[in-house]
Amino acid sequence: MENLIALVNRLQRACTALGDHGDESALPTLWDALPSIAVVGGQSSGKSSVLESIVGKDFLPRGSGIVTRRPLVLQLHRIDEGREYAEFGHLPRKRFTDFAAVRKEISEETDRETGRSKAISTVPIYLSIHSPNVVNLTLIDLPGLTKVAVDGQPESIVQDIDNMVRSYIEKPNSIILAISPANQDLATSDAIKISREVDPKGERTFGVLTKIDLMDKGTDAVDILEGRAYKLQFPWIGVVNRSQQDINKNVDMIAARRREREYFAQTPEYKHLAHRMGSEHLGKVLSKHLETVIKSRIPGLQSLINKTIIELESELSRLGKPIATDAGGKLYMIMEICRVFDGIFKEHLDGSRPGGDKIYNVFDNQLPAALKRLQFDKHLAMENVRKLITEADGYQPHLIAPEQGYRRLIETALITIKGPAEAAVDAVHGILKELINKSISETSELKQYPSLRVEVGNAAVESLDRMRDESKRATIQLVEMEYSYLTIDFFRKLPQDVEKGGNPTHSIFDRYNDSYLRRIGSTVLSYVNMVCGSLRNSIPKSIVYCQVREAKRSLLDHFFTELGKKEGRQLSTLLDEDPAIMQRRVSLAKRLELYRAAQSEIDSVAWSK
Ligand code: GDP
Ligand code: MG
């Protein structure tokens, strides 16, 4: 089960490295979800000593008075072999193998923050110890609770320490090591008092009794250790730490532990409790408890990690793919984005996205209405017919039939169809342009690259302009074709009386009378209407052929040809992403990597039991 705690320590360290403490970041934190052990108690009750003996190393400043003045977050990492060493959060990559130097660094780092005064600071010192002789734990050493300010300390110090200690032990995931010295009345224990306030049910409080060896002769701690004096959820654990004299004489940890074991085994009052007394036992109990707590947290942690991963992934996909570094990759990327855009544009035309129907509306409503407004009947009213025929005859009136006059009447009528034809071309052009703009804003890949967006838009509109010009030429040609050669059959099939106008027996003057002219007018009108009807059908065909079909086929062809001639540098300017977005993507990806690693680790722990 040590793997479990090792995993927790790894996660915790990884999160700390990323600055993921949760104070400011929007992401919920692993740090807050993981348990740690905080040591609380009055001044000189033996907190630092207990911590040291759990660690099995001399490295903490100890002594009388207020020695611990900043929280010390201590992570113990069990290593299988090799020399033990310590590392500080504020001195990364510097390995301490001399633990006297660690103690010195703690003192100096404390002073750096607080000055040499006896003031306290809430800024923690981070220390990790890697050793084959420890169990995996995270422990927090805290300044001792006091009742009065001494030696020029500010009056507020009593309350300041109280607040700081509370801030650590209030968190429901904090395990409290409540240290009470056996040579004082338990009723005055600061540790019991404060821990009962934050953990009334004693679900996360371990009572540790120190200085059992210093009790008055004739008294013993059996009542406390057996839970009769003050009942806690977990059994009390008694310890015997080194006295000040031992410290002064440099009694080492191994010797101290042996003496502690002997003390409990050989003191008659405690013999029966010896198996659950002492610093080593305390270390094991804590480690076991931590395991249980972590196991219960695994499902919560998993869902926290999964949720964060989903959030990171969705933000990353919103930001889009990172830009390729080589010219080939960039070219490919641009082509891919253009293809997406082109696909969306086609969908608009084909009806799976809206807008294409507007084109049909031009053919079905706008064009016919415009043709109707031409009013051929007015153009072919009698007076106009007379005028045109007379003009066409010139100095020599026609003899049999007004051939020139017919032609001129038809041509002047049909030529007016050019207007509605051009208007239809322009209307479809406008719709296609609108669909380009729509498709561009619907291509999420283009949002990332403002320059590419502009270039693609311009290229597409330029293509459309070319297609419009071609389409105008073609439709106007259709109209011109109609009046450059007339349908002979139409005139041959006319009833004979219409031809009367050409009867040579009529007097010259009859040929210009009203009924004669009216007949010509109505003949031409029905011919023009017939041609107009057929143009009404062929103009849309020409527009679709030249503009719509062509836009679907080759909208970006020209752009692609130009693109192929570009060098890597020019391609880069097309893919000029906002540097802030690039930065954000990199940091999100890093974070995602951490969370994925955490996810697979914690999943493997969750399944392997
Ligand atoms: P802290 O202020 O709570 O961190 O207490 P320290 O660990 O600095 O210990 C205060 C003093 O009490 C030191 O001189 C220790 O040597 C001494 N001390 C702590 N625990 C014991 C113990 O179990 N027995 C004896 N004899 N002395 C102890
Ligand atoms: Mg201390």
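Refer to the structure printed above.
Below, the structure is looked at part by part. (Residues numbered from 1 in each chain as written. Chains lettered and ligands numbered in written order. Predicted model: local features only at pLDDT ≥ 70, side-chain atom pairs only at ≥ 80, totals over all residues. Heavy atoms only, no water.)

A complete count under the given rule lists 39 salt bridges for this structure. For Asp58, the salt bridge is made with Arg62, and the minimal N-O distance between the two is 4.0 Å. Given the relative accessible area of 23%, Asp58 is considered partly exposed. Here Glu347 and Arg353 are joined by a salt bridge, their closest N and O atoms 2.7 Å apart. Here Glu347 falls in the partly exposed class, since its relative accessible area comes to 32%. You can call Arg353 partly exposed: its relative accessible area is 26%. Within the structure, one salt-bridge network assembled from shared partners comprises Arg70, Lys104, Glu105, Glu108, Glu109 and Arg112. (Salt bridge = Lys/Arg side-chain N within 4 Å of Asp/Glu carboxyl O. Buried < 20%, exposed > 50% of the residue type's maximum accessible area, 1.4 Å probe, protein only.)

Close contacts around ligand 1 come from 18 residues, with Lys47, Ser49, Asn241, Arg242 and Gln244 the closest. A distance of 2.9 Å is found between an oxygen atom of ligand 1 and a backbone nitrogen or oxygen belonging to Ser48. A distance of 2.8 Å separates a nitrogen atom of ligand 1 from a polar atom in the side chain of Asp213. In isolation ligand 1 exposes 580 Å². Once the protein is present, 95% of that is buried. Those elements that provide at least two residues to the shell around ligand 1 are α3 (47–55) and α8 (244–248). At 3 residues, α3 tops the list of elements feeding residues into the shell around ligand 1. Considering only residue class, the shell around ligand 1 consists of 3 nonpolar, 10 polar and 5 charged. (Near = heavy atom within 4 Å. Polar contact = N/O pair within 3.5 Å; in protein donor to acceptor, adjacent residues only side chain to side chain. Areas by Shrake-Rupley, 256 points an atom, 1.4 Å probe, with all protein chains shown as cover. Helix = DSSP H or I, 4+ residues; strand = E, 2+ residues; numbered from the N terminus. Nonpolar A, V, L, I, M, F, W, Y, C, P; charged D, E, K, R; others polar.)

Another aspect to go through is the environment of Tyr512. Mapped onto the fold, Tyr512 is located in the loop between α19 (488–492) and α20 (514–554). Classification of Tyr512 by relative accessible area gives partly exposed; the value is 21%. With 115 residues separating them in the primary sequence, Tyr512 and Pro397 have C-alpha atoms 9.9 Å apart. Here Tyr512 is in contact with Arg386, Ile389, Thr390, Asp393, Pro397, His398 and Leu517, once residues within four sequence places are set aside. (Contact = heavy atoms within 4.5 Å.)

On to the coordination of the magnesium ion (ligand 2), then. Distances from the magnesium ion (ligand 2) to its protein donors, Ser48 (OG) and Thr68 (OG1), fall within 2.1 to 2.4 Å. Taken together, the positions of Ser48 in helix α3 and Thr68 in the loop between α3 and β2 (72–78) put the pair 20 residues apart, joining distant regions of the chain. Accessibility assignment for this pair places Ser48 and Thr68 in one class, buried. (Donors = N, O, S within 2.8 Å, 3.2 Å for Na, K, Ca; no water.)

Moving on: the pairing of strand β1 (residues 36–41). Here β1 lies mainly inside the structure; 6 of its 6 residues are buried. Of the strand pairs in this sheet, β1 and strand β7 (residues 174–181) are connected by 6 bridges, and their pairing is parallel. Its bridge partner lying in β7, Val40 is registered against Ala178. Inspection of the sheet shows β1 paired to strand β6 (residues 137–141) by 3 bridges, in the parallel sense. (Pairing = 2+ DSSP bridges.)

Right, let's talk about empty space enclosed by the protein for a bit. A complete count under the given rule lists 1 cavity of 30 Å³ or more for this structure. Its volume calculated, the largest cavity comes out at about 100 Å³. Mapped onto the lining of the largest cavity, the elements with two or more residues apiece are α3 and α9 (253–266). With 4 residues, α9 is the single largest residue contributor to the lining of the largest cavity. By residue class, the composition of the lining of the largest cavity is 3 nonpolar, 4 polar and 5 charged. (1 Å grid on protein atoms, 1.4 Å probe; cavity = no way out; pocket = protein on both sides within 12 Å on 5 of 7 lines; lining within 4 Å. Points joined across faces, edges and corners; volume = space filled by probe spheres on them.)

Next up on the list: the sheet that holds strand β5 (residues 125–131). Sheet architecture is open: 9 strands sit in the order β4-β3-β5-β2-β6-β1-β7-β8-β9, paired in mixed fashion. Among the strands making up the open sheet, the edge pair consists of β4 (91–96) and β9 (237–238). The sheet contact formed by β2 and β5 spans 7 bridges and is parallel. If you follow Val73 over to β5, its bridge partner there is Tyr126. Those strands touched by helix α6 (residues 190–198) are β1, β7 and β8 (205–210), and its axis lies near 155° from that of β7. Contacting β1, β6, β7, β8 and β9, helix α10 (residues 279–319) runs over the sheet at an angle of about 155° to β7. (Axes fitted to C-alpha atoms, helices over the stretch in contact; angles between N-to-C directions.)

For the pair helix α16 (residues 418–442) and α20, the least separation of the axes is 11 Å and the interaxial angle reads 40°. With respect to the hand of their crossing, α16 and α20 are arranged in right-handed fashion. Contact with α16, carried on its side by Ala421, Ala424, Val425, Val428, His429 and Leu432, involves Ile539, Ile543, Gln547 and Val548 of α20 and no other residues of that element. Class assignment of the residues belonging to the contact of α16 with α20 gives a composition of 8 nonpolar, 2 polar and no charged. (Left-handed = near helix turned anticlockwise from the far one by under 90°.)

What follows is about α9. For an α-helix the count is 3.6 residues per turn, leaving residues at separations of three or four pointing the same way. Compared with the 20 Å implied by 1.5 Å per residue over 14 residues, the 20 Å span of α9 between its first and last C-alpha is a close match. You can read the cap of α9 off the contacts: a side-chain oxygen lies 3.2 Å from the backbone nitrogen of Ile254, and it is on Asp252. (Expected span 1.5 Å × (residues − 1).)

So, about unusual backbone geometry. Even without a glycine there, the phi angle at Lys211 is positive, about 60°. Here Lys211 is to be found in the loop between β8 and α7 (222–225). When its relative accessible area of 24% is taken as the criterion, Lys211 is described as partly exposed.

This part takes up the packing of aromatic side chains. Scanning the model with the defined rule gives 11 aromatic pairs in all. Ring centres of Phe59 and Phe99 lie 6.5 Å apart, and the angle between their planes is 80°; on these two criteria the pair is classed as edge-to-face. Of this pair, Phe59 sits in the loop between α3 and β2 while Phe99 sits in helix α4 (residues 99–114); the two residues are 40 residues apart in sequence, bridging distant segments of the chain. There is no split in this pair, since Phe59 and Phe99 are both buried. In this arrangement the basic side chain of Arg95 is found over the ring face of Tyr85, its NZ or CZ atom lying 3.9 Å from the centre. (Phe/Tyr/Trp six-rings, centres within 6.5 Å; stacked < 30°, edge-to-face > 60°. Lys NZ or Arg CZ within 6 Å of the ring centre and 35° of its normal.)

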